[in-house]
Amino acid sequence: MAGYAPHQPAKPPAYTRLSGLEALTLRPDANFVNIGERSNVTGSPKFAKCIKAGDFDAALAIARQQVEGGAQIIDINMDEGMLDSVKTMVYFLNLIASEPEISKVPIMLDSSKWEVLEAGLKCVQGKSIVNSISLKEGEDVFRARARAIRRYGAAAVVMAFDEKGQADTVARKVEICARAYRILTQEVGLPPQDIIFDPNVLTVATGMEEHNNYGVDFIEATRKIKALLPGCKVSGGISNVSFSFRGNNPVREAMHSVFLFHAIRAGLDMGIVNAGQLAVYEEIPGELRDLVEDVILNRRPEATERLIHYAERLKQTGGSGVVETKADAWRQGSVEERLSHALIKGIVDFIEPDVEEARVKYPRPLTIIEGPLMAGMNRVGDLFGSGKMFLPQVVKSARVMKKAVAVLLPYLEAEKKTSQRSNQGRILLATVKGDVHDIGKNIVGVVLACNNWEVIDLGVMVSADKILQTAREKEVDMIGLSGLITPSLEEMVHVAQEMDREGFQMPLLIGGATTSKAHTAVKIAPSYRHPVVHVLDASKAVGVANSLRSETARAAFATQCRTEQEALRQAYAQASQRKPLLSLEQARARKPVLDWTATPLARPAFIGVRALSSVPLPELARYIDWSPFFHAWELRGRYPRILEDPEIGARARELWEDAQKLLTRIIGEKRFDARGVYGFYPANSRGDDVEIYADEDRRTPLAVFHFLRQQMDKPAGQSNHCLADYVHPVSEHGDGKEKAADYLGLFAVTSGHGVEDLCREFEQSNDDYNSIMAKALADRLAEAFAEYLHRQARLDWGFGRDENLSLEDMQHERYRGIRPAPGYPACPDHSEKQILWRVLDPAKAAGLRLTESCAMQPASSVSGFYFAHPEAKYFGVGKIGRDQLADYQRRKGLPMAEVERWLAPNLD
């Protein structure tokens, strides 16, 4: 080998890289990063109440909701005078480590006490962020803490404080940050990309002249810090800027939007703000935007007084929105301006006459599509991509576009012309075989279409053969696969393997509720030699698709994906090595110890099955939990507070009003038919199984349900749970045939009959917005039905008669018992539904069917078990070992390959 230089491994780009179980890489083109702040005892009264009461399950639920709601990082703070902050931080972080749904995102350790931060650094997994360190205690303390952070492998938020106090001018902010940067990079050796400066967002328009330049100071400091200190990131608490206008949401919303617009352009990377819930900067009424910019940018001495005067005038109107001089002033513009406004605002009322006017003005119908309509949709795509427009608005814009094209279609056909307009590319979307859920896929399709992509949607339950055949026939540029249930993950692997076997070369996109970057990297990407990319949600789809389509960006983007996925695979392998599971024997030895003598095991009012047909929709509507409805539209917040949210309240109220109108129509016209079935059976646990019997003799099992036990090594004093623990075991005395009189409930409900017919009507009238809305409402009604029926089951069981709970109490599960469902964390095996179906026969009683992957049809359906023990709780099984897999396969009596397929996401 003489004459050949040694191989030099390629150095990955110097990006900020953070991680929980999954990696978060902040590339130069990354969107604004959202930090969830509700796991903070100083900022969230609800979280503080849970922690003080020792209700860590509820505290974990708050953390989980933030991740489910789209937080890319979660901030955790335990600084409270009555808490042992060190002990509480460590305990909570250890709990999070056993919750993959939470621990997949990076953790920001937040405390004013170094001992709390260091205790957190010692036990948190992945690459976290310390919030924060500063120079206020001098350079020696700063160096020591920074070296410790580097040793622990974390990133650091550095506040613009020094020995003199908080920085409030551009010069002071830059001076302190530059000094800290020099110490961190030259003396401590901390990589620049691991430094996150917070130059202090301070309140403007307070009436004090010295505060007027705070907005400009932050923006200019951000610009200079990013220019002078290469590689670092800049963060801030955005809501601070508008505190002087507390109580006036429209003004605060405009202030946040304007401030972020300028700060992000100056280089702001992240902060505590929900960027998907801001006003569209360009759509803030001109008068208000000018007034706010005068304040934020300190453009005139009387700016504060002028904005205060406007705010008072706004309050006097009694309106919740922004004052406009005339609601229909936009109708006075040119036809092009009117079409653009209608597209951005989602207004369909005037689209037909406006398109007809444009048809007279333009030489050919096709030029209207390629000209003003596409120009408007491109603007919609740009606004959504930059975080200045919301998903419901985008879907409404697509409805306007479809109706406009429908007006032109007869003229296009008359010319015998087909649309040859250029587009970004052609993508095939499909929900994989066995799965029937498509709301998320439909939203992605709408967003891509708004960005000039030709979308071929094959619908649901699509086999690999059909996907590949259509991809060839239509000559698509890429394929997007979607799925909600866990068996879909294995089907996606199969599709990737078939694409590789048949020589496909196009990119493969992966999305859906059960998918993740880690699963895509570990399970799917190795099956296909060309790019396989996980798409988190609709807001990311366009950027990913455009990058993979671009001649100039494709190679670099694909390389970055492969690099990240290799890192995820290595991290996954290392995590598996670092945290060995308990043996099944050890896990069973740590099962919860329940005092069965302290809990009376009530007999239900009946044994067997009862069917419910045509349950009144108004009754079910009372039980709807609306928060997940907003989440489906990528508006993050808790109902009803979201309706008054200072950032997105107006948008949430608009969506809410549209939902109420459609729900009223659905109920009035009886468009959906709600049916269900439930029952109670004598039951006993035998090990990790639960046997149910046809009668109280309990001699021969009618059916056996098989459950899994947690095998993660938990902190001392915590149990390893299995659902079977909550049913009285078969007596171990005598001949083993004695059985205590315990019971298990089963249920299956649907609100989905009629949904497809209604959606078809909307789609035929080019109304994707209401089609997606109808499916989202059907899902909410199905969950409401499950809650409604669980209440009835508790009444039938007897212990529910003294509950006296409000609807809010029920939505927060403040009652005895649980209703876990097959396919969810406590019972991840979907195939247990097959046993439930044999017992209840919901196909006959409620028209509910199972696909081969055990997805329920209609899609808006819920099924599961009723456990009555007062100590029963929800949990996640997590990873299981080969010993439990073998034991479970023996109990199920199925071939090992089939059991492995059902449990693939849980296998260690």
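Numbers given for residues are sequential positions, taken from 1 along each chain in its written order. Since the coordinates come from a predicted model, pLDDT governs what is reported: local features require at least 70, and pairs of side-chain atoms require 80 or more to be given and counted, while whole-chain, interface and lining totals use all residues. In computing side-chain values, all of the structure's heavy atoms are included and hydrogens and water are not.

**Section: the overall build of the protein**
Going along the chain from the N terminus, every DSSP run of H or I of four or more residues is numbered as a helix, and every run of E of two or more is numbered as a strand. Each helix and strand counted, the protein has 32 helices and 25 strands in total. Our radius of gyration is a C-alpha quantity, and the globule rule it is checked against amounts to 2.2 Å times the number of residues to the power 0.38. Scaling as 2.2 N^0.38, a compact globule of 908 residues should have a C-alpha radius of gyration of about 29 Å, and the protein matches this with 29 Å. Each principal axis of the C-alpha atoms in the protein carries an extent, and together these give about 90 × 80 × 80 Å. Exposure classes here rest on a 1.4 Å probe applied to the protein chains alone. A residue is buried below 20% of its type maximum, exposed above 50%, and partly exposed in between. In the protein, which comprises 908 residues, the share counted as buried stands at 56%. Note on areas: Shrake-Rupley, 1.4 Å probe, and residue coverage restricted to the protein chains presented here. For the protein, the exposed surface amounts to about 38300 Å²; the carbon and sulfur share of it is 49%.

**With respect to the sheet that holds strand β16 (residues 508-511)**
Read from one edge of the open sheet, five strands run β14-β13-β15-β16-β17, paired in parallel fashion. Strand pairing shows two members of the sheet lacking a second neighbour, β14 (453-457) and β17 (532-534), which therefore form its edges. Recorded for the sheet is a direction-independent mean angle of 25° between the axes of neighbouring strands. Sheet topology places β16 next to β17; three bridges connect them, and they run parallel. At least two bridges found by DSSP between two strands is the condition for calling them paired. Fitting a line to C-alpha atoms yields each axis, with helices limited to the stretch in contact; the angle taken between N-to-C directions then spans 0 to 180 degrees.

**Notes on the pattern of salt bridges**
One side-chain nitrogen of Lys or Arg within 4 Å of one carboxyl oxygen of Asp or Glu is enough to make a salt bridge. Scanning the entire structure with this criterion turns up 60 salt bridges. The salt bridge involving E644 is made with R653; its shortest N-O contact spans 3.9 Å. Overall, E644 belongs to the exposed group, its relative accessible area being 52%. Judged by its relative accessible area of 18%, R653 is buried. One network of salt bridges, in which partners are shared, links R588, K591, D688, D689, R709, D725, D887, R890 and R891.

**With respect to helix α26 (residues 755-764)**
The α-helix advances 3.6 residues per turn, and as a result positions three or four apart in sequence lie on the same side. Residues of α26 that are buried include every one of V755, L758, C759 and F762, and no others. Each buried residue of α26 lies within a common arc of 100° when the element is viewed along its axis, so the set occupies one face. Contact between two residues is taken to exist if any of their heavy atoms lie within 4.5 Å; hydrogens are not considered. Where α26 is buried, its residues contact α25 (649-668), β22 (742-753) and α27 (768-797). Of the residues flanking the end of α26, it is N766, one or two places downstream, whose phi is positive at about 60°. The arc under discussion is defined with respect to the helix axis, by the directions toward the C-beta atoms.

**Describing the packing of helix α2 (residues 56-68) against helix α3 (residues 85-97)**
With their axes 11 Å apart at the nearest point, α2 and α3 run at an angle of 65° to one another. Our classification of the angle between α2 and α3 gives roughly perpendicular. In terms of crossing hand, the pair formed by α2 and α3 is right-handed. Two secondary-structure elements touch here, α2 through F56, A59, L60 and A63 and α3 through T88, Y91, F92, L95 and I96. As a working rule, the residues Ala, Val, Leu, Ile, Met, Phe, Trp, Tyr, Cys and Pro are called nonpolar, Asp, Glu, Lys and Arg charged, and the rest polar, with Gly in that last group. Classifying every residue of the contact of α2 with α3 by side-chain character gives eight nonpolar, one polar and no charged. Any angle between 65 and 115 degrees counts as roughly perpendicular, while under 35 counts as roughly parallel, over 145 as roughly antiparallel, and the rest as oblique. Note on convention: the crossing is left-handed when the near helix lies turned anticlockwise from the far helix by less than a right angle, right-handed when the turn is clockwise.

**Some details on the pairing of strand β13 (residues 425-431)**
Counting buried residues in β13 gives six out of seven residues, a clear majority hidden from the surface. Pairing between β13 and β14: five bridges, direction parallel. Within β14, the residue paired with I427 across the bridge is V455. Note on handedness: a clockwise path from strand one over the helix to strand two, with the strands aimed away from the viewer, defines a right-handed crossover. Chirality of the crossover, the property in question, places the unit of β13, helix α16 (residues 439-450) and β14 among those that are right-handed.

**Quick word on the side chain of N770**
Tracing the chain through its elements places N770 in helix α27. Two N or O atoms form a polar contact when they lie within 3.5 Å of each other; inside protein one atom must be a possible hydrogen donor and the other a possible acceptor, and for residues adjacent in sequence the pair counts only when both atoms belong to side chains. Within the structure, the side chain of N770 is placed 2.9 Å from the side chain of D767, a separation counted as a polar contact. N770 has contacts with R399, L662 and F762, leaving out every residue within four places of it along the chain.

**Description of the packing of aromatic side chains**
Pairing of aromatic side chains requires ring centres within 6.5 Å, counting the rings of Phe and Tyr and the six-membered ring of Trp. Pairs whose planes differ by under 30 degrees are stacked, by over 60 edge-to-face, and all others tilted. Enumeration over the complete set of coordinates arrives at 22 aromatic pairs. Aromatic pair Y623 and Y788: ring centres 5.7 Å apart, planes at 80°, arrangement edge-to-face. Pair noted here: Y623 is in the loop between α23 (617-621) and α24 (627-632) and Y788 is in helix α27, with a separation of 165 residues, a long-range link. Like Y623, the residue Y788 is buried in the burial classification. Summarising the aromatic geometry, the rings of F705 and F865 are spaced 5.0 Å apart at their centres and angled 80° between planes, so their arrangement reads as edge-to-face. In this pair, F705 is assigned in strand β21 (residues 701-706) and F865 in strand β25 (residues 861-866), connecting sequence segments 160 residues apart. Note on F705: relative accessible area 0%, which makes it buried. Note on F865: relative accessible area 0%, which makes it buried. Aromatic ring contacts, followed pair by pair, group F606, Y678, F680, W797 and F799 into a single cluster. When the NZ atom of lysine or the CZ atom of arginine is within 6 Å of a ring's centre and also within 35 degrees of its normal, the charge is said to sit over that ring. R816 extends its terminal NZ or CZ atom over the ring of F799, reaching a point 4.3 Å from the ring centre.

**Quick look at the nonpolar core**
One finds F629 and F630 to be the most contacted residues of the largest nonpolar core, which totals 102 residues. The element best represented in this core is α27, accounting for 16 residues. When neighbours within four sequence positions are excluded, F629 is seen to be in contact with L655, A659, M773, A776, L777 and R780. A160, I176, L260 and I284 belong to the second largest nonpolar core, which has 92 residues in total. In these notes, a set of buried Ala, Val, Leu, Ile, Met, Phe, Trp, Tyr and Cys residues joined through side-chain atoms within 4.5 Å is what counts as a nonpolar core.

**So, the sheet that holds strand β5 (residues 107-110)**
With respect to topology, eight strands assemble into a closed barrel ordered β3-β4-β5-β6-β7-β10-β11-β12, the strand pairing being parallel. As defined by bridge partners, strand β3 (residues 33-40) adjoins strand β4 (residues 73-77) across four bridges and the pair is classed as parallel. Its bridge partner being in β4, I35 is matched across the sheet by I73. Running at roughly 165° to β3, α2 makes contact with β3 and β4 of the sheet.

**Section: the packing of helix α18 (residues 487-501) against helix α19 (residues 517-524)**
Where α18 meets α19, the axes come as close as 10 Å, and the angle between the chain directions of the two elements is 45°. Judged on the interaxial angle alone, α19 and α18 are oblique. For the pair α18 and α19, the sense of crossing is right-handed. In this structure, α18 contributes L489, M492, V493 and A496 to the contact, and α19 contributes H519, K523 and I524. Considering only residue class, the contact of α18 with α19 consists of five nonpolar, one polar and one charged.

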